[in-house]
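Here are the chains, one letter per residue:
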Amino acid sequence: MGELSAGRMDFQCSDVRIWKDAISAYQTRLESRGKPDLVRLDDFYRNHLPILLHARDPKAYMTKAELKELMQWKLSRGKWRPRLMDFVSKLDEVEVETASQKAFEFLPDISKAISELTILKGVGPATASAVLAAYAPDIAPFMSDEAMVAALGNSKDYTLKQYLILVEKLQNKAKELSIEGDVLTPTDIERALWSSSVGSKLVASQPDQNAKANSKRKRKDSEKSTIDSMFCNEAHATVVTRERYTGLLARSPDVLSWLVLSGAHNRKSPLLHAFFEKVVRLVSPVSISPNFPKRERKR
């Protein structure tokens, strides 16, 4: 059985090199999400928040502001659920600090720690796991969708029972892959699974992007060919300006570079004048007002 499928990590993979490659690619995959605040939030969550929490040892706790940042990170990294942010914003500062302090004191009893945190409105097992992972990454991994799918086969059952199963699997995998002097934590395993999942989606999206690009290119080539064939033999040429033919240019922004029209605005060429009107409507079927010069009829 292959250890990688379409770029996605096989949880049974025992090759440390593959897991470390996924961890090394984490930052790049994070940036590939194209979410402006995600990189900053992830840096806060992984590099700054743990220091802030342990600076308060032996009575460590999390502030309401820190919990809000953590929630933003969780929702940006996964699925955005705005109501959760609303709930956290309305929590009492003392309530957050007390619950988090008790939760940290309960460790390594993860069940009691999660139960203490989920007293807070808007904080479920997944968010509670992120709180614990920030404080004790070697004990409690984050309960991400990607880790759930890879280790358990689904990501729909966000319960304490499922989280405890996930913790056991990620802890065992971390021990399996750790070698003397080079230890991996359950949090490392979760990050590798997230990185691998995001990477596989990027690979899968490439054919669709290429197909769209090819389709767009063919349409533009077809439009260009149509106009070229209509006007290729005209002797007198006039470059169409953006200001004059905004409707046409909105439809095909590249048209300015190649569209050359023979005396299209010349009052003495009624045939060309009428012909150009038809061409514009062909390229831009929506209602437009290119301000064509009017030819007065003889009365």
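Bear in mind that the values here come from a model prediction, so they are computed numbers and not experimental data.

Right, let's talk about the overall build of the protein for a bit. Helix and strand counts for the protein come out as 13 helices and four strands. Scored against the burial criterion, the 299 residues of the protein give a buried share of 42%. Within the protein, residue pairs in contact and separated by at least 24 positions form 60% of the contacts whose partners lie at least 6 positions apart. Carbon and sulfur atoms make up 53% of the accessible area of the protein, which amounts to about 16800 Å² in all.

Per the stated rule, a full pass over the model turns up two cavities of 30 Å³ or more. If you add up the space inside the largest cavity, you get close to 40 Å³. As for the largest cavity, its lining consists of Y45, W73, A133, F142, T187, E190 and R191. No other element matches helix α11 (residues 186-231), which puts three residues into the lining of the largest cavity. Its volume calculated, the second largest cavity comes out at about 30 Å³. When its residues are assigned to classes, the lining of the second largest cavity shows six nonpolar, one polar and no charged.

Once that is clear, we can look at the nonpolar core. Among the nonpolar cores identified, the biggest contains 64 residues, and W19, L67, I110, L132 and I189 are the most heavily contacted of them. Ranked by residues supplied to this core, first place goes to helix α8 (residues 125-135) with eight residues. Filtering out sequence-adjacent residues up to four positions away, L67 remains in contact with M62, V88, L91, V96, L120, V123 and V131.

For the rest of this paragraph, the subject is the confidence of the model for the protein. Summing up the model confidence of the protein, the mean pLDDT is 79 and the portion of residues at 70 or higher is 66%. The low-confidence segment residues 222-246, where pLDDT is below 50, has 51 contacts with residues more than four positions distant or belonging to other chains.

Turning our eyes to something else, we now look at the environment of L53. When you line up the elements, L53 lands in helix α3 (residues 38-54). Assessed through its relative accessible area of 0%, L53 is described here as buried. Considered as a pair, L53 and E66 are 13 residues apart in the sequence and their alpha carbons are 9.6 Å apart. L53 has contacts with A60, Y61, M62, E66, F104, A134 and Y135, leaving out every residue within four places of it along the chain.

Turning our eyes to something else, we now look at the side chain of S76. With respect to the element layout, S76 can be found in helix α4 (residues 64-77). With a relative accessible area of 11%, S76 lands in the buried category.

Turning next to a positive patch on the surface. On the surface, a cluster of positive charge is made up of K79, R81, K156 and K201. Here K156 lies in the loop between α9 (145-152) and α10 (160-177). K156 sits in the exposed class, given a relative accessible area of 78%.

For an α-helix, 3.6 residues make a turn, and residues three or four places apart therefore share a direction. In this model, α3 (17 residues) spans 23 Å end to end at C-alpha, consistent with the 24 Å of a helix rising 1.5 Å per residue. Residues L38, L41, D42, F44, Y45, L49, P50 and L53 constitute the buried set of α3. Buried residues along α3 sit in contact with α2 (26-32), α4, α6 (93-106) and α8.

Right, let's talk about the environment of E93 for a bit. With respect to the helices, strands and loops of the structure, E93 is situated in helix α6. Judged by relative accessible area, E93 falls into the partly exposed class, the value being 33%. A sequence separation of 30 residues divides E93 from T63, and the C-alpha atoms of the two residues are 6.7 Å apart. With near-sequence residues (within four places) excluded, E93 lies in contact with T63, K64 and A65. A polar contact is formed between the side chain of E93 and the backbone nitrogen of K64, at a distance of 3.1 Å.

Thresholds, definitions, all that
Throughout, a residue's number is its position along its own chain's written sequence, starting from 1. Per-residue local features are limited, in this predicted model, to residues with pLDDT of at least 70; the limit for side-chain atom pairs, both in listing and counting, is 80 or more; totals at the level of whole chains, interfaces and linings are taken over all residues. Each side-chain value is worked out from all heavy atoms of the structure, with water and hydrogens disregarded. Strands are runs of DSSP state E lasting at least two residues, helices are runs of H or I lasting at least four, and both sets are numbered from the N terminus onward. The cut-offs for exposure are 20% and 50% of the maximum accessible area for each residue type, with area from a 1.4 Å probe on protein chains only; residues under the lower value are buried, those over the upper are exposed, and the others partly exposed. Residue contacts are counted whenever heavy atoms from the two residues lie within 4.5 Å of one another. Under the convention used here, a 1.4 Å probe and the Shrake-Rupley method define accessible areas, while residue burial counts only the protein chains that appear. Site definitions follow a grid-based scheme: protein atoms alone, a 1 Å grid, a 1.4 Å probe that fits but cannot get out for cavities, and for pockets an open set with protein on both sides within 12 Å along at least five of seven lines, plus lining residues having an atom within 4 Å of a point. Grid points are joined across faces, edges and corners, and a volume is the space filled by probe spheres set on the points. Charged means Asp, Glu, Lys or Arg here, nonpolar means Ala, Val, Leu, Ile, Met, Phe, Trp, Tyr, Cys or Pro, and polar covers whatever is left, Gly included. To qualify as a nonpolar core, a set must consist of buried Ala, Val, Leu, Ile, Met, Phe, Trp, Tyr and Cys residues joined through side-chain atoms within 4.5 Å. Predictor confidence is given residue by residue as pLDDT, running from a minimum of 0 to a maximum of 100. Residues enter patches when their relative accessible area tops 30% and they take part in no salt bridge; the joining distance is 9 Å for like charges and 5 Å for the nonpolar side chains Val, Leu, Ile, Met, Phe, Trp and Tyr. Any carboxyl oxygen of Asp or Glu that lies within 4 Å of a side-chain nitrogen of Lys or Arg is treated as forming a salt bridge with it. In this tally, Lys and Arg are treated as positive and Asp and Glu as negative; His is ignored, and so are the chain termini. Charge positions come from single atoms, namely NZ of Lys, CZ of Arg, CG of Asp or CD of Glu. The length a helix should cover is 1.5 Å for every residue beyond the first. Side-chain atoms alone can form a polar contact between residues adjacent in sequence; in general such a contact is a pair of N or O atoms within 3.5 Å, and within protein one must be able to donate a hydrogen while the other accepts it.

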